[in-house]
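Chain and residue survey
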Amino acid sequence: MWRLLFLIIPLSALAYTLWHVWTLLPLPSAWRTAAVVLCAGAFCMLFLSIGKVLDAMPMTVATTVYRVGTTSMIILLYAFIFFLILDLLRLVRVIPAQVLHGNWLTLAALVAVLLVLTVCGNIHYHHKKRQEITLTTDKAVRPGTKLLLASDLHLGYHIRRNELRQWVDMINAERPDIVLLGGDLVDRGIRPLIEEDMAAELRRINAPVFACFGNHEYYCGADRAEAFYRSAGITLLRDSTASFGGICIAGRDDRTNSRRKSVKSLLKTVPRDKFIILLDHQPYNLRRAAEAGVDFQFSGHTHHGQVFPASLITDAVYTVAHGEYTDGKTQYYVSSGLGIWGAKFRIGTCSEYVVATIVNN
């Protein structure tokens, strides 16, 4: 059912938008047909970019298909909204019907809106926000312990080694005591990570790195993803725990695994005098962490929708779609992600990393 809706909704939006493009272009039929076919072809690359077929393509071709397909999805979203607003204004007789038929002025307005949104959105994506938070505790943890938290790096066909190198430099510049990764280190496939030896880049991080799985690690194959984590020198916690000084780091397997441990069972043998950090990629059922005595939970997954108005949907779906939250003595942070899935646009949201400092009450 969900897969059917996944096809019907975007294809219906595509048909609606392309019909409006056809009627709006003040050109001969042959040129309008060519424009519509070109737009449809670019959007169809989206379905190739979310499948395994990319791994069978030459790297440059796969990268191009991924970028064109995912970029066309964002352009379709805003073109759809543009035409929907004009249709509503036409129906209430605020604007005449001629605005949507063979009109150079409307076409110029559409192009200008899409250009501003995509250019500004791309610039905003590349500006990484440094988010500072303070974690308070009365447990025996060295005051001033510094954690660097990041989620949803989505390394792959669109986020390549050059960009990862900049992120590692940024992480090292913070001089953290621990680095915690909240899942979705990998995007759709392991191949680009292997071919560019991204593991070598991650091994440059000058601090112990702990991580949990996200849903995308399952998309690309859990065994291959786990092998990559090991090669990158990252301690992967799949329903397991690790200690660092007075801190216990617990990593839950992703929600994709229906047989993963509950938070309570995961922490069953953990001494309660330790400062307990839970890595759980998808921020569902946050109350369970508080009930299990977790001091701090870090999650990602939501991307805060990546672009507006998708951020309104994530705000409606999750108790917390982005930012800090407190339940009793348990503190939470849900990150919008350092990287991104798909096209590199942040519109109304941010790409971020979190610097957390532990202080005593």
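Right above here is the structure, for reference.
This report concerns the structure included in the present document. (Residues numbered from 1 in each chain as written. Predicted model: local features only at pLDDT ≥ 70, side-chain atom pairs only at ≥ 80, totals over all residues. Heavy atoms only, no water.)

**Comments concerning the side chain of Arg252**
Here Arg252 is to be found in the loop between β7 (247-251) and α10 (263-266). Discounting residues that sit within four places of it in the chain, Arg252 has contacts with Cys212, Phe213, Leu237, Asp239, Arg260, Lys261, Ser262, Val263, Leu266, Leu278, Leu279 and Asp280. (Helix = DSSP H or I, 4+ residues; strand = E, 2+ residues; numbered from the N terminus. Contact = heavy atoms within 4.5 Å.)

**Focus: the pairing of strand β12 (residues 351-360)**
Taking burial as the measure, the ten residues of β12 include seven buried ones, the bulk of the element. Note that strand β1 (residues 128-137) and β12 share ten bridges and pair parallel. Considered in β12, the bridge of Thr137 is made with Asn360. With five bridges joining them, strand β2 (residues 145-150) and β12 adopt antiparallel strand pairing. Across the sheet, the residue bridging to Thr145 is Ile358, located in β12. (Buried < 20%, exposed > 50% of the residue type's maximum accessible area, 1.4 Å probe, protein only. Pairing = 2+ DSSP bridges.)

**Looking at the packing of aromatic side chains**
The way to describe two aromatic rings as a pair is by their centre distance and the angle between their planes. What the rule picks out here adds up to six aromatic pairs. Both rings, one in Tyr284 and one in Tyr318, keep their centres 5.1 Å apart while their planes meet at 50°; by these two values the pair is tilted. Of this pair, Tyr284 sits in the loop between β8 (275-279) and α11 (287-291) while Tyr318 sits in the loop between α12 (310-317) and β10 (323-327), placing them 34 residues apart in sequence. Linked through ring pairs, Phe213, Tyr218 and Tyr229 together constitute an aromatic cluster. The ring of Trp22 has Arg32 sitting right over it, with the charged end atom 4.2 Å from the ring centre. The ring of Tyr125 has Lys128 lying over it, and the distance from NZ or CZ to the ring centre is 3.6 Å. (Phe/Tyr/Trp six-rings, centres within 6.5 Å; stacked < 30°, edge-to-face > 60°. Lys NZ or Arg CZ within 6 Å of the ring centre and 35° of its normal.)

**Things to note about the pattern of salt bridges**
Scanning all chains against the criterion turns up 20 salt bridges. Between Glu174 and Arg130 there is a salt bridge whose closest N-O contact spans 2.6 Å. Pair noted here: Glu174 is in helix α5 (residues 161-174) and Arg130 is in strand β1, with a separation of 44 residues, a long-range link. On the accessibility criterion, Glu174 (10% relative accessible area) is buried. By relative accessible area, Arg130 is classed as partly exposed at 35%. Linking Lys146 and Glu174 is a salt bridge whose minimum nitrogen-to-oxygen distance equals 3.3 Å. Of this pair, Lys146 sits in strand β2 while Glu174 is found in helix α5, placing the two residues 28 residues apart along the sequence. (Salt bridge = Lys/Arg side-chain N within 4 Å of Asp/Glu carboxyl O.)

**Concerning the sheet that holds strand β6 (residues 240-244)**
Strands pair in a sheet through their backbones, by hydrogen bonds, and they do so in one of two ways: parallel or antiparallel. Spatially, the six strands line up as an open sheet ordered β6-β7-β8-β9-β11-β10, and their pairing is mixed. With one partner strand each, in any of the chains shown, β6 and β10 form the two edges of the open sheet. Strand-to-strand twist in this sheet, taken as the mean axis angle between neighbours without regard to direction, amounts to 20°. The sheet contact formed by β8 and strand β9 (residues 296-299) spans three bridges and is parallel. Bridge pairing in β9 places Leu278 opposite Gln297. (Axes fitted to C-alpha atoms, helices over the stretch in contact; angles between N-to-C directions.)

**Concerning the side chain of His216**
Checked against the element boundaries, His216 lands in helix α8 (residues 215-219). A relative accessible area of 7% means that His216 is categorised as buried. Not counting residues up to four positions away in its chain, the partners in contact with His216 are His154, Asp184, Val186, Asp187, Arg188 and Trp341.

**Remarks on a nonpolar patch on the surface**
A surface patch of nonpolar side chains, amounting to about 480 Å² of accessible area, comprises Leu84, Leu88, Leu91, Val92 and Val94. You can see Leu91 is positioned in helix α3 (residues 59-91). Accessibility expressed as a relative area gives 59% for Leu91, which makes it exposed. (Patch = residues over 30% accessible without salt bridge, like charges linked within 9 Å, V, L, I, M, F, W, Y side chains within 5 Å. Areas by Shrake-Rupley, 256 points an atom, 1.4 Å probe, with all protein chains shown as cover.)

**Comments concerning the packing of helix α2 (residues 29-49) against α3**
α3 packs onto α2 with a crossing angle of 120° between their chain directions and a minimal axis gap of 7 Å. Put simply, α2 runs oblique to α3. The two elements α2 and α3 meet at a crossing, and its hand is left-handed. Of α3, the residues touching α2 (which contributes Ala42, Phe43, Met45, Leu46, Leu48 and Ser49) are Val65, Tyr66, Val68, Gly69, Thr70, Ser72, Met73 and Leu76. Residues belonging to the contact of α2 with α3 are distributed by class as follows: ten nonpolar, four polar and no charged. (Parallel < 35°, antiparallel > 145°, perpendicular 65-115°, else oblique. Left-handed = near helix turned anticlockwise from the far one by under 90°. Nonpolar A, V, L, I, M, F, W, Y, C, P; charged D, E, K, R; others polar.)

**Describing the sheet that holds strand β4 (residues 209-211)**
The strand order across the open sheet built from six strands is β1-β12-β2-β3-β4-β5, with neighbouring strands paired in mixed fashion. Strand pairing shows two members of the sheet lacking a second neighbour, β1 and β5 (235-236), which therefore form its edges. Note: β2 against strand β3 (residues 178-181), four bridges, orientation parallel. By the bridge assignment, Leu149 is partnered in β3 with Leu180. Here α5 sits on the sheet in contact with β1, β2, β3 and β12, set at roughly 40° to β1.

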